[in-house]
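Next come the chains, spelled out residue by residue.
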Amino acid sequence: MEYIFDFSADYFLEDDAVTLRPLTENDYAFLLPFALDEPDLWKFSLVKIAGAENLQTYIAAALKAREEKKEYAFIVFDKRQQKYAGCTRFYDMQLQNQTLQLGYTWYGKAFQGTGLNKHCKFLMLNFAFDQLKTERVEFRADYANKRSIAAMQSLGCTIEGVLRSHAPLPYGGRRNTIILSILKEEWNANLKSDLREKLF
């Protein structure tokens, strides 16, 4: 069976609360306030984003990864607040193996705890499983990032294990990376309906 994902196409995922649209070079202006004013958003990130120059590098790398057919990044627009809220993406897209990772997700502080993340994740998981026919969606996080781990578990993710001393951190030290996942049969059996009920 052939699984088609056109990296050159513009995919828009949306519901009544959020729009996910492809990240572009022009989105620098929308994301710059976060990079300048909320540098601690990326405390647990493996990439440097805080600061104008780091943000430019971050966007350029995301667009290059899309050109290389490895990743597909979105900018997140909160319809309720009528403001751009952050970014997320599909990455490590192994379409031949019917697997991908969902991550590089961050939101400004004003958008955290508002339910926005659940809307984004529902749209992305639905697209991955129903449109791309993915069998497995993987999530990763710094093992010390308890807030992120709790958010993933609230989606119904299963913890698979921890990669110890997995990767160097941008500002020194190394991180332990926790791996979680959702399988297609779990999504179809109950996680899809459970998550839909949590949307508000």
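In what follows, the structure referred to is the one given above.
One structure accompanies this document, and this report is about it.

**A few points about the overall build of the protein**
And then number 1: Regarding its fold elements, the protein presents five helices and eight strands.
And then number 2: Reading the protein from its N terminus to its C terminus gives the helix and strand order β-β-α-α-β-β-β-α-β-α-β-β-α.
And then number 3: Its C-alpha atoms give the protein a radius of gyration of 16 Å, near enough to 16 Å, the size a compact globule of 200 residues would have.
And then number 4: Along the three orthogonal principal directions, the C-alpha set of the protein runs to about 45 × 40 × 35 Å.

**Re the pairing of strand β2 (residues 18–22)**
And then number 1: Judged by how many residues are buried, β2 sits mostly within the fold: five of five residues are covered.
And then number 2: Pairing of strand β1 (residues 13–14) with β2, which is carried by two bridges, proceeds in the antiparallel orientation. Of the residues in β2, the one forming a bridge with L13 is L20.
And then number 3: Where β2 and strand β3 (residues 72–78) come together, five bridges link them in antiparallel fashion. Bridge assignment links P22 to a residue of β3, and that residue is F74.

**A look at helix α3 (residues 116–131)**
And then number 1: In this model α3 runs 22 Å from its N-terminal to its C-terminal C-alpha over 16 residues, within 8% of the 22 Å that 1.5 Å per residue would give.
And then number 2: Most of α3 is tucked away: 12 of the 16 residues are buried.
And then number 3: Residues of α3 that are buried: L116, N117, H119, C120, K121, F122, L123, M124, L125, F127, A128 and F129.
And then number 4: Positive phi shows up at K133, right after α3, with a value of about 60°.

**Concerning the packing of helix α1 (residues 28–37) against helix α2 (residues 52–67)**
And then number 1: Closest axis-to-axis distance for the α1/α2 pair is 9 Å, and the angle between their directions is 135°. Relative to α2, the element α1 is oriented oblique. The handedness of the crossing between α1 and α2 comes out as right-handed. Of α2, the residues touching α1 (which contributes Y28, L31, L32, A35 and L36) are A52, L55, Q56 and I59.
And then number 2: Here the contact of α1 with α2 is composed, by residue class, of eight nonpolar, one polar and no charged.

**Let's talk about the packing of aromatic side chains**
And then number 1: Tallying each qualifying case throughout the model produces 17 aromatic pairs.
And then number 2: It is R89 that lies over the ring of Y104; its NZ or CZ is 3.8 Å from the centre.
And then number 3: The ring centre of Y143 lies 3.9 Å from the NZ or CZ of K146, which sits over that ring.

**Digging into the environment of K79**
And then number 1: Note that K79 resides in the loop between β3 and β4 (83–94).
And then number 2: Residue K79 is classed as partly exposed on the basis of its relative accessible area, which comes to 26%.
And then number 3: Sequence separation between K79 and Y28 is 51 residues, and the spatial gap between their C-alpha atoms is 19 Å.
And then number 4: Excluding residues within four positions of it along the chain, K79 makes contact with E14, D15, D16, A17, V18 and T19.
And then number 5: At a separation of 2.9 Å, a polar atom in the side chain of K79 contacts the side chain of E14.

**Side note on the sheet that holds β2**
And then number 1: Ordered by their spatial adjacency, eight strands build an open sheet running β1-β2-β3-β4-β5-β6-β8-β7, and the pairing between neighbours is mixed. Of all the strands in the sheet, just β1 and β7 (158–168) have a single pairing partner and so form its edges.
And then number 2: Sheet topology places β4 next to strand β5 (residues 99–107); six bridges connect them, and they run antiparallel. Across the sheet, Y91 pairs through a bridge with Q101, a residue of β5.
And then number 3: Against the sheet, helix α4 (residues 146–154) contacts β6 (136–142), β7 and β8 (174–183), and its axis sits at roughly 160° relative to β6.
And then number 4: Across the sheet, helix α5 (residues 184–198) touches β7 and β8, and the angle it forms with β8 is around 60°.

Rules used in this analysis
- Residues numbered from 1 in each chain as written.
- Predicted model: local features only at pLDDT ≥ 70, side-chain atom pairs only at ≥ 80, totals over all residues.
- Heavy atoms only, no water.
- Helix = DSSP H or I, 4+ residues; strand = E, 2+ residues; numbered from the N terminus.
- Rg over C-alpha atoms; globule rule 2.2 N^0.38 Å.
- Buried < 20%, exposed > 50% of the residue type's maximum accessible area, 1.4 Å probe, protein only.
- Pairing = 2+ DSSP bridges.
- Expected span 1.5 Å × (residues − 1).
- Axes fitted to C-alpha atoms, helices over the stretch in contact; angles between N-to-C directions.
- Parallel < 35°, antiparallel > 145°, perpendicular 65-115°, else oblique.
- Left-handed = near helix turned anticlockwise from the far one by under 90°.
- Contact = heavy atoms within 4.5 Å.
- Nonpolar A, V, L, I, M, F, W, Y, C, P; charged D, E, K, R; others polar.
- Phe/Tyr/Trp six-rings, centres within 6.5 Å; stacked < 30°, edge-to-face > 60°.
- Lys NZ or Arg CZ within 6 Å of the ring centre and 35° of its normal.
- Polar contact = N/O pair within 3.5 Å; in protein donor to acceptor, adjacent residues only side chain to side chain.

Geometric descriptors of this kind do not, in isolation, establish any biological role.
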